[in-house]
Amino acid sequence: MLCALIWDVDGTLAETERDGHRVAFNQAFEQAGLPWRWSEARYGELLAVAGGRERLLHDMAGRADAPAGWAQRESLARALHGLKNAAYARIVSSGRLPLRPGVRELLDDCAAAGVRLAIATTTGTANVQGLLQAQLGPQGAQRFECMVCAEQAPRKKPDPQVYRLALQQLGCAPHEVLALEDSPAGLRAAAACGIATVITRSVYFADAFQTPPVRPLAIGPSLGEREGWQPVVPGPGRVNLALLRDWHDSGLQNMSACA
Ligand code: XBP
Ligand code: MG
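Worth saying up front: this structure is predicted, and the values here are computed from it rather than measured.

Chemist: Explain the side chain of Asn 26 to me, and be specific about the residues and the numbers.
Modeler: Checked against the element boundaries, Asn 26 lands in helix H1 (residues 17–31). Beyond its immediate chain neighbours, meaning those up to four positions away, Asn 26 contacts Trp 36, Arg 37 and Trp 38.

Below, the structure is given as structure tokens:
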């Protein structure tokens, strides 16, 4: 039986990367008096590195104008990440980063059916709370029974730490939950815990699943539409909880057929 949905945040709950985190990083560079700017294309490359501070360090490793020493780089990355998160909070609170289509409706389905909700993300708690508050109101974060973020799971996806902790906090077995993700790293993290994953393709990972690292349970353009999904979904409408339950049940059958 499906007991809980574990949600990724960036790219899955909302398209936060291109117009949120990226813009905020550039504002941080400007505030710090640095000439660095990340274009949309460059940021797409950098998303191969999970975690904003880790991404900054990776970028600095290829820059001639970055501090030479490791300790100075670490402290610059920490300072820039702080400035970035403050800028991100301003962007999020302006309401400019809406939930992706079908997300709100699926959260409502879960509330009505008693399916529990959790978050498993590599971003920080304040970023998640800001987004949920801006999009779902002051009680938005309380809709999620458990929230595992960068503070609790410092080993970033594809490391499975964040999903392992979410399962522990929910007290659920892997076969009782589904993960919702947008990235290959997220898919690998969930799969390493034995969790089946539904992928909604995001702007930056639209073409990233030609040869997926593991097979997702289902993959499609968004929860707001039924066209373009694999497996094929008949009829009009959105991807609702009933459909997720069908996929989950068929995934369990496939697993027992292979046992
Ligand atoms: C995606 C990430 C994050 C964000 C930025 O997180 O890789 O690093 O890009 O967040 P998710 P921070 O697991 O939700 O897809 O700067 O706070 O790290
Ligand atoms: Mg993501």
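Chemist: Let's hear about the coordination of the magnesium ion (ligand 2): which residues, and what values?
Modeler: In the first shell of the magnesium ion (ligand 2), the protein supplies Asp 8 (OD), Asp 10 (O) and Asp 182 (OD), at 2.1 to 2.2 Å from the metal. Coordination of the magnesium ion (ligand 2) draws on donor residues from a single chain, spaced D-x1-D-x171-D in sequence. Remark: Asp 182 occurs in the loop between strand S4 (177–181) and helix H8 (184–191) and Asp 8 occurs in the loop between strand S1 (4–7) and H1; sequence separation between them is 174 residues. With respect to burial, Asp 8 and Asp 182 carry one shared label: buried.

Chemist: Before we move on, can you summarise the site of ligand 1 with the specific residues and values?
Modeler: As a structural note, the neighbourhood of ligand 1 is formed by 18 residues, with Asp 8, Glu 17, Gly 52, Thr 121 and Thr 123 the closest of them. Gly 52 is positioned such that a nitrogen or oxygen atom in its backbone is 2.6 Å from an oxygen atom of ligand 1. Among the elements of the structure, H1, helix H3 (52–61) and helix H4 (70–93) are those that each provide at least two residues to the shell around ligand 1. When its residues are assigned to classes, the shell around ligand 1 shows 3 nonpolar, 9 polar and 6 charged.

Chemist: Help me get a handle on the pattern of salt bridges, residues and values and all.
Modeler: Inspection of the entire model under this criterion finds 15 salt bridges. Put simply, Arg 63 and Asp 59 hold a salt bridge, and the shortest N to O gap is 2.7 Å. Residue Asp 59 is classed as buried on the basis of its relative accessible area of 5%. For Arg 238, the salt bridge is made with Asp 109, and the minimal N-O distance between the two is 2.9 Å. Residue Arg 238 is located in the loop between strand S6 (218–220) and helix H9 (241–258), and its partner Asp 109 is located in helix H5 (residues 103–113); the two are separated by 129 residues in the primary sequence. On the basis of relative accessible area, Arg 238 is assigned to the partly exposed category, the value being 25%.

Chemist: Lay out unusual backbone geometry with the relevant residues and their values.
Modeler: The step from Lys 157 to Pro 158 runs through a cis peptide bond, and the omega angle for that step is 15°. Along the chain, Pro 158 falls in the loop between strand S3 (146–148) and helix H7 (161–170). At the junction of Gln 230 and Pro 231, the peptide bond is cis and its omega measures out at 5° in the coordinates. For Pro 231, the location among the structural elements is in the loop between S6 and H9.

Conventions used here
- Residues numbered from 1 in each chain as written.
- Chains lettered and ligands numbered in written order.
- Predicted model: local features only at pLDDT ≥ 70, side-chain atom pairs only at ≥ 80, totals over all residues.
- Heavy atoms only, no water.
- Helix = DSSP H or I, 4+ residues; strand = E, 2+ residues; numbered from the N terminus.
- Contact = heavy atoms within 4.5 Å.
- Donors = N, O, S within 2.8 Å, 3.2 Å for Na, K, Ca; no water.
- Buried < 20%, exposed > 50% of the residue type's maximum accessible area, 1.4 Å probe, protein only.
- Near = heavy atom within 4 Å.
- Polar contact = N/O pair within 3.5 Å; in protein donor to acceptor, adjacent residues only side chain to side chain.
- Nonpolar A, V, L, I, M, F, W, Y, C, P; charged D, E, K, R; others polar.
- Salt bridge = Lys/Arg side-chain N within 4 Å of Asp/Glu carboxyl O.

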